[in-house]
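Chain residues, written in single-letter form:
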Amino acid sequence: MALSGMSVGIVCHYWYKYLDIKLPGRNMYIVLKKVIIDQLICSPLCITMFFVTLSILEKSNWAKLKDEIITKAHRLYIAEWIIWPPAQIFNFYFLPTKYRVVYDNIISLGYDVYTSHVKHDNFIYS
């Protein structure tokens, strides 16, 4: 989980810088645009990175990785839409770019418990 979090943290660091360059400002219109773009682009990327990183560490094969993404990633994506938009509104509206990844990591302390549960849950949801 720590290595997965570090890889996602690096991506988020550069992602937030990119968003601030492309969408400068902190008014609510800009903040909501950033949140939607973050959820549609960065969230699926981070979920995929989570499964890929752990698959590499577990020395899993491609078929198992693909199956996990197909059967479990949607649970994380739904949770991402519940947890992260309110958190990111605060993040993008109030915090300078340099504090955004630290703030994300604080929120992630609780969220990662759920991601670990999803990752290691062998029950398949349809």
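Being a predicted model, the structure only gives us computed values, none of them experimental.

**Digging into the domain arrangement of the chain**
(1) Moving on: Split by domain assignment, the chain resolves into domain 1 (1-59) and domain 2 (60-125).
(2) Moving on: Once you take the C-alpha centre of each, domain 1 and domain 2 turn out to be 10 Å apart.
(3) Moving on: Across the domain 1 to domain 2 interface the summed buried area is about 2,600 Å²; carbon plus sulfur atoms make up 67%.
(4) Moving on: Of all residues in domain 1, Tyr 16, Arg 26 and Phe 51 bury the most surface against domain 2, accounting for 27% of the area lost on that side.
(5) Moving on: Summed over the shared surface of domain 1 and domain 2, the result is 2 salt bridges.
(6) Moving on: Ionic pairing is found between Arg 100 and Asp 20, a salt bridge with its closest N-O pair at 2.6 Å.

**Quick look at the packing of helix α1 (residues 2-22) against helix α4 (residues 100-120)**
(1) Moving on: Direction vectors running N to C along α1 and α4 enclose 130°, while the axes themselves pass 9 Å from each other. Between α1 and α4, the angle falls in the class oblique. Here α1 runs over α4; the crossing is right-handed. Two secondary-structure elements touch here, α1 through Gly 9, Cys 12, His 13, Tyr 16 and Asp 20 and α4 through Arg 100, Val 101 and Asp 104.
(2) Moving on: Taken together, the residues of the contact of α1 with α4 break down into 3 nonpolar, 2 polar and 3 charged.

**Points about helix α2 (residues 28-58)**
Working note: α-helix, 3.6 residues per turn, so residues spaced by three or four point in the same direction.
(1) Moving on: The end-to-end C-alpha separation of α2 is 42 Å, in line with the 45 Å expected for 31 residues at 1.5 Å each.
(2) Moving on: Where α2 bends most, at Gln 39, the angle is about 40°.
(3) Moving on: Sitting at the head of α2, Asn 27 places a side-chain oxygen 3.1 Å from the backbone nitrogen of Tyr 29.
(4) Moving on: One or two steps after α2, the chain reaches Lys 59, where phi turns positive at roughly 55°.

**Section: the packing of helix α3 (residues 62-94) against α4**
(1) Moving on: For the pair α3 and α4, interaxial distance at closest approach is 11 Å and the crossing angle is 155°. Between α3 and α4, the angle is such that the two are roughly antiparallel. Viewed along their axes, α3 and α4 form a crossing whose handedness is right-handed.
(2) Moving on: The class makeup of the residues in the contact of α3 with α4 is 12 nonpolar, 6 polar and 7 charged.

**Concerning the side chain of Arg 100**
(1) Moving on: Along the chain, Arg 100 falls in helix α4.
(2) Moving on: Residues in contact with Arg 100, not counting those within four places in the same chain, are Tyr 16, Asp 20, Arg 26, Lys 34, Asn 91, Phe 92 and Leu 95.

**Quick look at the environment of Lys 22**
(1) Moving on: Relative to the helices and strands, Lys 22 resides in helix α1.
(2) Moving on: When the C-alpha positions of Lys 22 and Ser 60 are compared, they lie 38 Å apart, and in sequence the two are 38 residues distant.

**Looking at the UniProt feature "transmembrane region" (unreviewed entry) in the chain**
(1) Moving on: The positions UniProt marks with the feature "transmembrane region" (unreviewed entry) are residues 36-57.
(2) Moving on: Taken end to end, residues 36-57 has its terminal C-alpha atoms 31 Å apart, with 100% of it in helix and 0% in strand.

**Let's talk about the pattern of salt bridges**
(1) Moving on: Going through the model one piece at a time under the given rule, you end up with 5 salt bridges.
(2) Moving on: The partner of Asp 20 in a salt bridge is Lys 34, with the nearest N and O atoms 2.5 Å apart. Taken as a pair, Asp 20 in helix α1 and Lys 34 in helix α2 lie far apart in primary sequence, 14 residues in all.
(3) Moving on: A residue is classified by how much of its surface remains accessible, and Lys 34, at 1% relative accessible area, is buried.
(4) Moving on: The residue Lys 119 makes a salt bridge to Glu 68 at a minimum N-O spacing of 2.9 Å. Here Glu 68 lies in helix α3 and Lys 119 lies in helix α4, a separation of 51 residues in the sequence.
(5) Moving on: Take Lys 119: its relative accessible area is 3%, and that puts it in the buried class.
(6) Moving on: When salt bridges with common partners are traced through the structure, they connect Glu 58, Glu 68, Lys 72 and Lys 119 into a single cluster.

Criteria and thresholds
Residues numbered from 1 in each chain as written. Predicted model: local features only at pLDDT ≥ 70, side-chain atom pairs only at ≥ 80, totals over all residues. Heavy atoms only, no water. Domains from an automatic or database assignment. Buried area = accessible area lost by both parts, 1.4 Å probe. Salt bridge = Lys/Arg side-chain N within 4 Å of Asp/Glu carboxyl O. Axes fitted to C-alpha atoms, helices over the stretch in contact; angles between N-to-C directions. Helix = DSSP H or I, 4+ residues; strand = E, 2+ residues; numbered from the N terminus. Parallel < 35°, antiparallel > 145°, perpendicular 65-115°, else oblique. Left-handed = near helix turned anticlockwise from the far one by under 90°. Contact = heavy atoms within 4.5 Å. Nonpolar A, V, L, I, M, F, W, Y, C, P; charged D, E, K, R; others polar. Expected span 1.5 Å × (residues − 1). Bend = angle between axes of the 7 residues up to and from the residue. Polar contact = N/O pair within 3.5 Å; in protein donor to acceptor, adjacent residues only side chain to side chain. UniProt positions renumbered as here; feature names shortened; annotations may be inferred. Buried < 20%, exposed > 50% of the residue type's maximum accessible area, 1.4 Å probe, protein only.

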